[in-house]
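# Architecture and fold: a report
Chain by chain, the residues run as shown.
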Amino acid sequence: MRVAVIGAGVIGVTTAWYLQEAGAEVVLLDAAPEPASGASFANGGMLHASHAEPWNTPGVGLDLLRYLGRSDSPLLVRPRAVPGLIGWGLRFLANSRRARFEEHTRINARLAAYSLQEIDRLQRELGPEGLDFGFRRSGILKLFQDPASQARNRAASEDMEDVGVRFEDWDVDRIITEEPALEPVRDQLCGGLYFPDDAIGDAALFTTNLLAIARRRGMTYYPGVTVRRLRTFQGRLDTLETSEGPIAADACVVANGYHAPDLLRPLGIRLAVAPVKGYSLTLPMDAGTRLKLPLIDDANKVVMTPLGGRLRLAGTAEFAGRDRRLNPQRAASVLDHCRHTLVGLPAQLDTETMAPWTGLRPMSARGTPILGATKVPGLYLNTGSGHLGWTFACGAAALVRDQVLGEPPALPLDGLTL
Ligand SMILES: Cc1cc2nc3c(=O)[nH]c(=O)nc-3n(C[C@H](O)[C@H](O)[C@H](O)COP(=O)(O)OP(=O)(O)OC[C@H]3O[C@@H](n4cnc5c(N)ncnc54)[C@H](O)[C@@H]3O)c2cc1C
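In what follows, the accompanying structure is described. (Residues numbered from 1 in each chain as written. Predicted model: local features only at pLDDT ≥ 70, side-chain atom pairs only at ≥ 80, totals over all residues. Heavy atoms only, no water.)

Each helix and strand counted, the protein chain has ten helices and 20 strands in total. Taking 22 Å as the expected radius of gyration for a compact globule of 418 residues, we find that the protein chain reaches 21 Å, a close match to that expectation. Reported as C-alpha extents along the three principal axes, the dimensions of the protein chain are approximately 65 × 50 × 45 Å. By residue count, 58% of the 418 residues in the protein chain fall in the buried class. Taking the intrachain contacts of the protein chain between residues at least 6 apart in sequence as the baseline, contacts between residues at least 24 apart amount to 75%. Accessible surface, the protein chain as shown: approximately 16900 Å² in total, 51% of it carbon and sulfur. (Helix = DSSP H or I, 4+ residues; strand = E, 2+ residues; numbered from the N terminus. Rg over C-alpha atoms; globule rule 2.2 N^0.38 Å. Buried < 20%, exposed > 50% of the residue type's maximum accessible area, 1.4 Å probe, protein only. Contact = heavy atoms within 4.5 Å. Areas by Shrake-Rupley, 256 points an atom, 1.4 Å probe, with all protein chains shown as cover.)

Shown next as structure tokens:
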């Protein structure tokens, strides 16, 4: 069976890998000249089942209004992006109803926990050929400054325990013992939740190195090739029309991030996936910024990840359409928000030493990824993973492989399909 996978981000490469390992002949295509050039390039590096809540939390509508146009806020809607977001936005808000939000959180948590098992299995199977991507099963510590939000998060974490997310409640003394870098902010903290099964790793290195192994094992990879249209024959997926000519395939997985709706619309498939912009900075760790544990600062909505001798700071959610330009003010606001926790960080953004980056998360309006079959036989999806694409990559790829090959999936697919 010849399967084309569109998109060489972490989702597309992992999907292609799983399909090839199961015996399919795989052709992987990406418009960019290098793999992991989109949202997968310099993300927060966290593999966190603990962070499974969709972003459409109950009350998000009021937050969006409060933050409208405020350039220093963690959640920003650019007024010019509003017209293009209406349909998606209404569904995003409809899914913020408490019952749906809680159901989607559990679906995400179960998928994330499965994905973390899969990433372990993948590494075991690769053995000495191994993948070097700074993977560390370090656990992740979520910090709180406000007892009410800690209590809310604790309750949400308790709800996820039966789908495989373990956590520990840490008081401030325990936090400082485990992460001495937080001593200067001891008085601001009220406690933390530690998730021992969470992990960290560099998504771009994972993607690039996994693709290199896949190619040695026979995968065909076409960089710099844009898929323009999907053609059907007698109602079934048949051909990909690309910038370099047609490519025939028995099946195709659309894994091209927030661009997926463009390819599906002409086939009458409406996909509620929109780009949500985020920023990261990658800087060398020095005495003032040396972290042992990856941290999530709940109040300031930023993450801080020690990644292979460097420190990755990431955060912000910005609805700015498809604008991929890097706004230094937004990058500086990530730094500002991180300095509330890690006071040794420099006060000013230095673009020479801090490697600022911006990427567009492919966010589904539902808040869970969109995986598997469509109404067109032979056409499958793996997109919409939003702020959790790195975490979901191996689990989502395994579920999509099962669908393409007609195998029973390892998890129930409720809430994960079109
Ligand atoms: C600031 C930031 C921090 C984040 N932190 C984390 C984190 O800590 N943990 C986590 O789990 N997730 C995190 N994420 C989310 C995660 O990075 C994304 O969900 C994930 O990278 C999405 O991967 P993807 O492969 O779907 O998309 P992408 O990586 O964007 O890949 C899509 C690819 O499709 C290609 N493409 C598009 N259209 C076409 C076409 N027509 N033809 C051919 N190719 C095409 C593009 O060139 C691109 O390479 C973060 C995201 C951001 C922005």
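Moving on: unusual backbone geometry. Phi is positive for glutamine 234, close to 50°, though the residue is something other than glycine. Take glutamine 234: its relative accessible area is 74%, and that puts it in the exposed class. Positive phi outside glycine occurs at lysine 301, with the angle close to 55°. Locating lysine 301 in the fold gives a position in the loop between strand 15 (295-297) and strand 16 (302-307).

If you trace the six strands from one edge of the open sheet to the other, you get 9-2-1-13-20-19, paired in mixed fashion. Each of the sheet's edge strands pairs with one partner strand only, and the pair in question is strand 9 (220-223) and strand 19 (370-373). On average, adjacent strands in this sheet sit at an angle of 15° to one another, irrespective of strand direction. Across the sheet, helix 1 (residues 10-21) is in contact with strand 1 (2-6), strand 2 (25-30), strand 13 (251-254) and strand 20 (379-383); its angle to strand 2 comes to roughly 170°. Packed on one face of the sheet, helix 10 (residues 389-405) meets strand 1, strand 13, strand 19 and strand 20 and runs near 20° to strand 19. (Pairing = 2+ DSSP bridges. Axes fitted to C-alpha atoms, helices over the stretch in contact; angles between N-to-C directions.)

So, about helix 2 (residues 60-67). When we look at burial in helix 2, the residues that qualify are Val60, Leu64 and Tyr67. For helix 2, the angular spread of the buried residues around the axis is 75°, confining them to a single face. Across helix 2 from its buried face, at more than 90 degrees, point the exposed residues Leu62, Leu65 and Arg66. Those residues of helix 2 hidden inside the fold are in contact with strand 4 (75-77), helix 3 (86-94) and strand 17 (310-319). (Arc of directions from axis to C-beta.)

Okay, the nonpolar core next. Within the largest apolar cluster, 62 residues are counted, with the highest numbers of intra-cluster contacts made by Val5, Leu28 and Phe206. Of all the secondary structure elements, the ones that give two or more residues to this core are strand 1, helix 1, strand 2, helix 4 (98-126), strand 7 (191-195), helix 7 (203-216), strand 13 and helix 10. The element that contributes the greatest number of residues to this core is helix 10, accounting for ten residues. When sequence neighbours within four positions are dropped, the list of residues in contact with leucine 28 reads Val5, Gly7, Ala8, Gly12, Val13, Ala16, Leu211, Met219, Thr220, Tyr221 and Tyr222. (Core = buried A, V, L, I, M, F, W, Y, C linked by side-chain atoms within 4.5 Å.)

Looking now at the site of the ligand. By nearness alone, 35 residues border the ligand, and Asp30, Ser40, Met46, Gly386 and Thr391 come closest of all. Contact distances for the ligand include 3.1 Å between an oxygen atom and a backbone N or O atom of glycine 389. A distance of 3.1 Å separates an oxygen atom of the ligand from a polar backbone atom of tryptophan 390. Coverage of the ligand by the protein amounts to 94% of the 1000 Å² it exposes when considered alone. When residues of the shell around the ligand are traced back to their parent elements, those giving at least two are helix 1, strand 14 (273-284), strand 18 (356-364) and helix 10. In terms of residue count, strand 18 provides more of the shell around the ligand than any other element does, four residues in total. A class-by-class count of the residues in the shell around the ligand yields 14 nonpolar, 19 polar and two charged. (Near = heavy atom within 4 Å. Polar contact = N/O pair within 3.5 Å; in protein donor to acceptor, adjacent residues only side chain to side chain. Nonpolar A, V, L, I, M, F, W, Y, C, P; charged D, E, K, R; others polar.)

Within the structure shown, the criterion is met by one cavity of 30 Å³ or more. Put simply, the largest cavity is a space of about 40 Å³. Lining of the largest cavity is provided by Asn108, Met363, Ser364, Gly367, Thr368, Gly384, Ser385, Gly386, His387, Leu388 and Phe392. Taken together, the residues of the lining of the largest cavity break down into three nonpolar, eight polar and no charged. (1 Å grid on protein atoms, 1.4 Å probe; cavity = no way out; pocket = protein on both sides within 12 Å on 5 of 7 lines; lining within 4 Å. Points joined across faces, edges and corners; volume = space filled by probe spheres on them.)

If a probe the size of a water molecule is rolled over the atoms, the empty space left behind becomes visible. The space that makes up the second largest pocket amounts to roughly 370 Å³. Along the walls of the second largest pocket sit 20 residues, with Gly84, Trp88, Arg265, Val273 and Ala274 positioned nearest its centre. Residue assignment for the lining of the second largest pocket shows that the elements contributing at least two residues are helix 3, helix 8 (260-264) and strand 14. With four residues, the top contributor of residues to the lining of the second largest pocket is helix 3. Taken together, the residues of the lining of the second largest pocket break down into twelve nonpolar, three polar and five charged.

On to the pattern of salt bridges. With the rule as written, the count across this model stands at 23 salt bridges. The salt bridge partner of arginine 80 is aspartate 323, with a shortest N-O separation of 3.2 Å. Of this pair, arginine 80 sits in the loop between strand 4 and helix 3 while aspartate 323 sits in the loop between strand 17 and helix 9 (328-339), placing them 243 residues apart in sequence. A relative accessible area of 55% means that arginine 80 is categorised as exposed. Close ionic contact of arginine 174 with glutamate 178 constitutes a salt bridge, the shortest N to O distance being 2.9 Å. Taken together, the residues span about one helical turn, with arginine 174 and glutamate 178 both in helix 6 (residues 172-178) at a distance of four residues. The exposure class assigned to arginine 174 is partly exposed, which follows from its relative accessible area of 35%. A single salt-bridge network, built from bridges that share partners, covers Arg80, Lys277, Asp323 and Arg325. (Salt bridge = Lys/Arg side-chain N within 4 Å of Asp/Glu carboxyl O.)

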